[in-house]
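Notes for the structure review
The chain contents come next:
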Amino acid sequence: MFDASEFDQALSKSGNVLKLFREALKHGKQNLHESFNNNEDIETLVYAYAFLIDELLSRVWNIHFNPSSDQSTLVAVGGYGRSELHPGSDIDLLLLFKEDSIETHKDSIEAFLTMLWDIGMEVGQSVRTVKECVSESKKDVTVITNLVESRFLAGERTLFNQMTEATAADKIWSNHDFFQAKWKEQQNRHLRFDDTAYKLEPNIKESPGGLRDIQTIGWIAKRHFGAKDLHELVSHHFLSEVEYQSLISGQRLLWKIRFALHILTKRREDRLLFDYQKTLALQFGFNDGEHNLAVEQFMQQYYRTVMELDRLNEILLQNFQEEIIYADDSSEPTPINCRFQIIKGFIEVTNNNVFKHYPYALLEIFLLLQTHPQAKGVRASTIRLIRSSQGLIDGKVRNDLRTRSLFMEILRQPHGITHELRRMNRYGILAAYLPQFANIVGRMQYDLFHAYTVDEHILFVVRNLRRFTVPEYQNEFPMCSEIIHKIAKPELLYLAGLLHDISKGQGGDHSELGEQVAVTICKDHGLGEYDTNLVAWLVKNHLIMSMTAQRKDINDPDIIQEFANNVGDTAHLDYLYLLTVADIRGTSPELWNSWKDSLLKELYHATKRTLRIGNEESISHKSIIKSKKTDALKILSSTEIAPEKSEKIWAEFNDDYFIQYTADEIAWHMQSIVNINTSSLPLVCVRYDKLRGSTAIFIYASIKSEQFAATTATLEKAGLDIVDARILSSKNNYSLDTYLVLDVHTEQKSSIKRLDEIKQLIKQALNEKSDYQGKIHRHPPRQHKHFDVKTEIRFSLDKNKQRTIVEITTADRPGLLSKIGEAFKTCEIELQNAKIVTIGMRIEDVFYITNKDNEPLTEEQFSALHDALKIQLTT
């Protein structure tokens, strides 16, 4: 990478010093990239790049500063101080000067930094005296952290030694204070990433289990032991040799990924975005399998690596806790039983043969952590023993009644279920005890719907279920908190949550495969037939409630009756509702919104009423219509609208209108329609719909073929996300349409000014002279371009209502609904209703349509509409 003698010889003769340095840096980087592509050892490359920068920097320094002067020193700090550089890494420098000499060197400093910039070297620098290093370090732990890793480069070494001595642990930032600060810093950093390493676009440096966690250990070890490298932790008995090799192996993988990211992006990039995952998967030698894409295999390797690094980080930090924080704690161990005791606040085994003699104790320890909340955690030596004893959990141990009882008892505890299941997963015990769970550990789902790996999603779902029971969180989901306290056996709900996605990635329908797994596990754990069937039913049907709410017309009594028949009774409904809410919230932080909340509540209450009433005549369409009219008239009785006026207008409305709308909505419509003149149309009413957590837009106008396209285009241009559309018409050809929308940027209740703005925009768009097809200035999210969603158009017949159902699956994009509306307009299609469903970047919309004669489409019309939609959806 760099020939010192050759460079120095050229430097002595060169008339263009900048060009020489620039070319040396460029050549070195090219050599680095080629070596990486030729699978050169990653450690060699990381250290070699730092060596190249050392050689160039020291020579630039000597051009601008007198090498024999004792006034100044050039120091490498941060990652560069560790001699670790990736292609896009920061080159952090400390320019250290004697007291009162910075000003006299001002021109040299400026010239030095300018030259570095000119040769293409991006550096981060601080210019300080020894006294300033001390004062700044006292104020900021990040400054002392950088200095802990400082390395002499050029200039006066004595000055460097003075700085390291002045900032030593016996002068500032004692071992105790430094450890506490770095530990707190790590905890806060983990919280910024939701305390999970398993997001689908992880930051390989800052996420839990990432490079920063390894660096944190290195900083503490260097500060406390004066350790030069991590291997010294083996001699201090903080790590075994096997664990050290595991730590270094994990670091090497992360280094390799980071190196590849920097080369691929031509900059410092530590986020493993969808943009790069497929490319890196192929570069790292992965190929698509039958049930697992190359990118999913690559990411699973990453997730399992950071899980191991997270375990090692926990062991090491706990060792440091005992060494630094609890060094003076001389208290005797407190026995729990013959197998476990508590010492210095941590549970540990009473001897190293406990798990060998009592393998069931590998689960018992997690139950003890629940029943002994005063325990801070598991002692590091015991964590190590747990990890090395995983192999003891074989078929015999799994069939042991004691082991099975312990597992169910963990799920029955009033506290600590989520915490201990996470710990069991982290230590590898959950996968060892439930072999089916091992298949999903670190398994990613390459889509924009799921934000976490399968195992992490499952644990988030269990956490969400548990939060429903915690008093301090009851304001989050009051209805869920009320319901969960009524169910007979919450442990069955937690077990269903733990198993609902356990068969992901196995091929076939994961819900049906999961049902079989659930039956086996429930029977193995001694559950009765009813409980087994309940858990298995929940696993098999865990998607049915969200799919019904989002994809079907839940205002239709027939749909509610069909769903109620599937559910069977209110007990199953309660369990399913809780699991559904927890599942959606655990899939992605962005997925849950007030609209989904209102849909599920509406479906729950409607189903509960149906289950309570049964199949009696009282739930017929006629009785529903009569009831809604009566309730609407009661609401209108406080206005000046006479019942006769309402009844006259209602006579022109089809039954579907009264089925689709609530009594409150019907009354709202009447207050605007009753006195409207046809010359004032279109009528647009806008209000915040508290029940559905969205803004409702009602349109009453003479029916026009472009109305759907014009309305949807206008709403999308206004930055509104359409979550539902009810498209109805009266007998005298007036539209009775409602669009429910959420603001793209906020779910907050719209202001009166905003509501009026929406109203005016739609009225303008529905004006004959309005050009509604203007450009929509909204771009699809960055991630969308990395996923292929096949466009599918399916037709079926709604026999009950004699209309055609069109199901469209395609990639979401701005202006999509208006394009569909254009196709409907071209083919003279009458739109009667619509269900708008977006799953990640995939839309699965359902439209209920007829031809202009109000009849289902013919084969010829099918073909014409299919072609028109294809054209619109591919342009």
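Refer to the preceding data block for the structure.
The following paragraphs examine the structure supplied in this document. The structure displayed is predicted, hence computed values, not measured ones. One numbering rule holds for all chains: residues counted from 1, following each sequence as written. Note on the predicted model: pLDDT of at least 70 is required for a residue's local features to be given, and 80 or more for side-chain atom pairs to be given and counted; whole-chain, interface and lining totals, by contrast, use all residues. Heavy atoms from the whole structure form the basis of all side-chain values; hydrogens and water molecules are not counted.

Some thoughts on the environment of Val 789
Under the DSSP-based scheme used, a helix requires at least four consecutive residues in state H or I and a strand at least two consecutive residues in state E, with every element numbered from the N terminus. Its location among the elements puts Val 789 in the loop between helix H37 (752-765) and strand E13 (792-798). Taking the C-alpha atoms as reference points, Val 789 and Ile 843, separated by 54 residues in sequence, lie 9.2 Å from one another. Contacts are assigned to residue pairs with any non-hydrogen atoms lying within 4.5 Å of each other. Excluding anything up to four places from it in sequence, Val 789 contacts Thr 810, Ala 811, Met 841 and Arg 842.

With respect to the nonpolar core
Here the nonpolar core consists of buried residues drawn from Ala, Val, Leu, Ile, Met, Phe, Trp, Tyr and Cys, with membership extended through side-chain atoms lying within 4.5 Å. Residue exposure (1.4 Å probe, protein chains only): buried if accessible area is under 20% of the type maximum, exposed if over 50%, otherwise partly exposed. By size, the foremost hydrophobic cluster in this structure holds 223 residues, and its most contacted members are Leu 57, Phe 112 and Phe 407. Among the elements that make up this core, the one with the highest residue count is helix H14 (residues 294-325) (15 residues). Non-local contacts of Leu 57, meaning those with residues more than four positions away in its chain, are made with Leu 74, Tyr 80, Ile 91, Leu 93, Phe 112, Leu 116, Met 121 and Leu 153. Counting 39 residues, the second largest nonpolar core, distinct from the first, contains Leu 766, Ala 823, Ile 836 and Phe 847.

Details of the pattern of salt bridges
Pairs may arise between side chains of opposite charge once their charged atoms sit close together. What counts as a salt bridge is simple: a side-chain nitrogen of Lys or Arg found within 4 Å of a carboxyl oxygen of Asp or Glu. By the definition in use, this model includes 47 salt bridges. Residue Asp 90 pairs with Arg 268 through a salt bridge whose shortest N-O separation is 2.8 Å. One end of the pair, Asp 90, is in the loop between helix H4 (78-81) and strand E2 (91-97); the other, Arg 268, is in the loop between helix H12 (241-265) and helix H13 (274-283), with 178 residues separating them in the sequence. Exposure remark for Asp 90: the relative accessible area of 40% places this residue in the partly exposed category. Judged by relative accessible area, Arg 268 falls into the partly exposed class, the value being 43%. Between Glu 409 and Arg 412 there is a salt bridge, with its nearest N and O atoms 3.9 Å apart. Here Glu 409 pairs with Arg 412, and both are found in helix H19 (residues 401-412), just three residues apart, close to one helical turn. Residues joined in a network through salt bridges with shared partners are Glu 243, Glu 308, Arg 311, Arg 384 and Arg 387.

Section: the sheet that holds strand E6 (residues 340-343)
Paired strands are those between which DSSP finds at least two bridges. One open sheet holds the four strands; their spatial order is E5-E6-E7-E8, and the pairing between them is mixed. Unpaired on one side and paired on the other, strand E5 (334-335) and strand E8 (377-378) mark the two borders of the sheet. Pairing geometry for E6 and strand E7 (residues 346-349), over four bridges, is antiparallel. When the sheet's bridge partners are listed, Phe 340 is paired in E7 with Val 349. Axis definition: a line fit to C-alpha positions, over the contact stretch in the case of helices; interaxial angles, taken between N-to-C directions, run 0 to 180 degrees. Packed on one face of the sheet, helix H16 (residues 361-371) meets E6, E7 and E8 and runs near 45 degrees to E6.

A closer look at the packing of aromatic side chains
Only Phe, Tyr and Trp rings are paired, with Trp represented by its six-membered ring, and only when their centres lie within 6.5 Å; those with planes under 30 degrees apart are stacked, over 60 edge-to-face, the remainder tilted. Under the criterion given, the structure shown has 40 aromatic pairs. Taking the centre distance of 5.9 Å and the plane angle of 90 degrees together, the rings of Tyr 47 and Trp 255 count as edge-to-face. Taken as a pair, Tyr 47 in helix H3 (residues 42-64) and Trp 255 in helix H12 lie far apart in primary sequence, 208 residues in all. The class for Tyr 47 is partly exposed, based on a relative accessible area of 37%. Relative accessible area serves as the criterion here: at 2%, Trp 255 is assigned to the buried category. Through pairs of rings, three or more aromatic residues link up here, namely Trp 650, Phe 653, Tyr 657, Phe 658, Tyr 661, Trp 668 and Phe 698. Above the ring of Phe 460, the side-chain terminus of Arg 422 is found at 4.8 Å from the ring centroid. Geometrically, a lysine NZ or arginine CZ counts as sitting over a ring once it is within 6 Å of the ring centre and also within 35 degrees of the ring normal.

Details of the packing of helix H38 (residues 816-826) against helix H39 (residues 859-873)
One can describe the packing of H38 onto H39 by two numbers: an axis separation of 9 Å at closest approach and a directional angle of 150 degrees. Taken together, the axis directions place H38 and H39 in an arrangement best described as roughly antiparallel. In this structure, H38 meets H39 at a crossing whose hand is right-handed. Each of Leu 816, Lys 819, Ile 820, Glu 822, Ala 823 and Phe 824 in H38 lies in contact with H39, whose residues at this interface are Leu 865, Ala 868, Leu 869, Gln 872 and Leu 873. Under this grouping Gly is polar, as are all residues other than the nonpolar Ala, Val, Leu, Ile, Met, Phe, Trp, Tyr, Cys and Pro and the charged Asp, Glu, Lys and Arg. When its residues are assigned to classes, the contact of H38 with H39 shows eight nonpolar, one polar and two charged. If an angle is under 35 degrees, it is roughly parallel; if it is over 145, roughly antiparallel; if it lies from 65 to 115, roughly perpendicular; otherwise it is oblique. Put simply, a crossing is left-handed when the front helix is turned counterclockwise from the back one by less than a right angle, and right-handed when it is turned clockwise.

Focus: helix H25 (residues 490-499)
Burial within H25 is extensive, with nine of its ten residues counted as buried. All buried positions along H25 are accounted for by Glu 491, Leu 492, Leu 493, Tyr 494, Leu 495, Ala 496, Gly 497, Leu 498 and Leu 499.

Looking at the packing of helix H7 (residues 141-148) against helix H9 (residues 175-192)
Running from N to C, H7 and H9 point in directions that differ by 110 degrees, and their axes come no closer than 11 Å. Here H7 lies roughly perpendicular to H9, going by the angle between them. Facing H7, whose interface residues are Val 141, Thr 142, Ile 144, Thr 145 and Val 148, H9 presents Phe 178, Ala 181, Lys 182 and Glu 185. Residue composition of the contact of H7 with H9, grouped by class: five nonpolar, two polar and two charged.

Observations concerning empty space enclosed by the protein
Cavities and pockets were defined on a 1 Å grid built from protein atoms only: a cavity is a group of points that admits a 1.4 Å probe but offers it no way out, a pocket is an open group of points flanked by protein on both sides within 12 Å along at least five of seven lines, and a lining residue is one with an atom within 4 Å of any such point. Grid points are joined across faces, edges and corners, and a volume is the space filled by probe spheres set on the points. Tallied over the full model, the rule gives three cavities of 30 Å³ or more. Roughly 90 Å³ of volume is contained in the largest cavity. What lines the largest cavity is a set of 14 residues, among which Asp 553, Asn 555, Asp 724, Arg 726 and Lys 835 lie closest to the centre. Elements with a minimum of two residues in the lining of the largest cavity: helix H31 (594-613), strand E11 (720-726) and strand E15 (830-835). Partitioning the lining of the largest cavity into residue classes produces five nonpolar, three polar and six charged.

What about unusual backbone geometry?
Of all residues except glycine, most have a negative phi; of all peptide bonds, most are trans. Omega for the peptide link from Leu 681 to Pro 682 comes to 5 degrees, which places this bond in the cis form. Looking at the element boundaries, Pro 682 is found in the loop between helix H35 (663-673) and strand E9 (683-689). Although it is not a glycine, Glu 828 adopts a positive phi angle of roughly 55 degrees. Tracing the backbone through its elements, the reader meets Glu 828 in the loop between H38 and E15.

Describing H3
Since the α-helix advances by 3.6 residues per turn, residues separated by three or four positions end up pointing in the same direction. Expected span of a helix, by definition, is 1.5 Å for each gap between consecutive residues, and there is one gap fewer than residues. Between its first and last C-alpha, H3 extends 34 Å over 23 residues, near the 33 Å set by a 1.5 Å rise per residue. The backbone nitrogen of Glu 43 has a side-chain oxygen 3.3 Å away, supplied by the residue at the start of H3, namely Asp 41. Definition of a polar contact: a pair of N or O atoms within 3.5 Å, with one able to donate and the other able to accept a hydrogen when the atoms are protein atoms, and with sequence-neighbouring residues admitted only if both atoms are side-chain atoms.

Digging into the environment of Val 581
Summarising the element assignment, Val 581 is placed in helix H30 (residues 570-587). Residue class for Val 581 comes out buried when judged on its relative accessible area of 1%. With 16 residues separating them in the primary sequence, Val 581 and Asp 597 have C-alpha atoms 7.9 Å apart. Apart from the residues within four sequence positions on either side, Val 581 is in contact with Phe 468, Phe 477, Cys 480, Trp 592 and Leu 600.

Quick notes on the pairing of strand E10 (residues 694-702)
Burial analysis of E10 places eight of its nine residues in the buried class, which makes it a mostly covered element. Two elements, E9 and E10, share seven bridges in a ladder whose sense is antiparallel. Residue pairing in the sheet places Cys 685 in a bridge with Phe 698 of E10. In the sheet, E10 pairs with strand E12 (residues 734-743) via eight bridges, with the strands oriented antiparallel. Bridging from a neighbouring strand, Phe 698 pairs with Thr 738 of E12.

Some remarks on the pairing of E15
Counting buried positions along E15 gives five out of six residues, so the element sits mostly inside the fold. By the bridge criterion, five bridges tie E15 to strand E17 (residues 842-850) in an arrangement that is antiparallel. Its bridge partner being in E17, Lys 835 is matched across the sheet by Val 846.

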